[in-house]
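# Structure at a glance
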Amino acid sequence: MTSNVKIVAVLTARADTVDRLRALLDAMLKPSRAEPGNLRYDLWQDQSDPNRFVLDELYVDADAVTAHRATPHFRNYLSQIGDLAERGAFVLNPVSAT
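Residues numbered from 1 in each chain as written. Predicted model: local features only at pLDDT ≥ 70, side-chain atom pairs only at ≥ 80, totals over all residues. Heavy atoms only, no water.

- As recorded in an unreviewed UniProt entry, the chain goes by the name Quinol monooxygenase, listed as coming from Sphingomonas naphthae.

## A closer look at the overall build of the chain
- When helices and strands are tallied, the chain shows three helices and four strands.
- Ordered by position from N to C terminus, the α and β elements of the chain give β-α-β-β-α-α-β.
- Taking 98 residues into account, the globule formula puts the C-alpha radius of gyration at 13 Å, and the chain, at 14 Å, falls close to it.
- Referenced to the eigenvectors of the C-alpha coordinate spread, the extents of the chain come out at roughly 45 × 30 × 20 Å.
- Evaluated residue by residue, the chain yields a buried proportion of 35% over its 98 residues.
- Taking contacts inside the chain between residues at least 6 apart in sequence as the whole, the part at least 24 apart equals 67%.
- Accessible area of the chain: about 6300 Å², with a carbon and sulfur share of 53%.
- Across the chain, the mean location of the 11 positive side-chain charges is 2 Å away from that of the 13 negative side-chain charges. (Helix = DSSP H or I, 4+ residues; strand = E, 2+ residues; numbered from the N terminus. Rg over C-alpha atoms; globule rule 2.2 N^0.38 Å. Buried < 20%, exposed > 50% of the residue type's maximum accessible area, 1.4 Å probe, protein only. Contact = heavy atoms within 4.5 Å. Areas by Shrake-Rupley, 256 points an atom, 1.4 Å probe, with all protein chains shown as cover. Lys, Arg positive; Asp, Glu negative; His and termini not counted. Charge placed at Lys NZ, Arg CZ, Asp CG, Glu CD.)

As structure tokens, then:
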């Protein structure tokens, strides 16, 4: 049995890059949401630190995550993100989710 995979990524803009980071993240929304294995792809901005963004992603299974990471939009993201933000991600398996 396969299970959903959730990814929570926290990205904090480097100095003077918040607008470029936001544009890059915005450009990921539509194509990521259109992927067949994607169940959720939401972008959040921290209320207390507008330089911090959180991506909340949910995929049908690990194969869908692999497919996402092979897309042109994800590869474009990877080519730019290191210059724009400090980032960390958690890849999570469900324990109790609805």
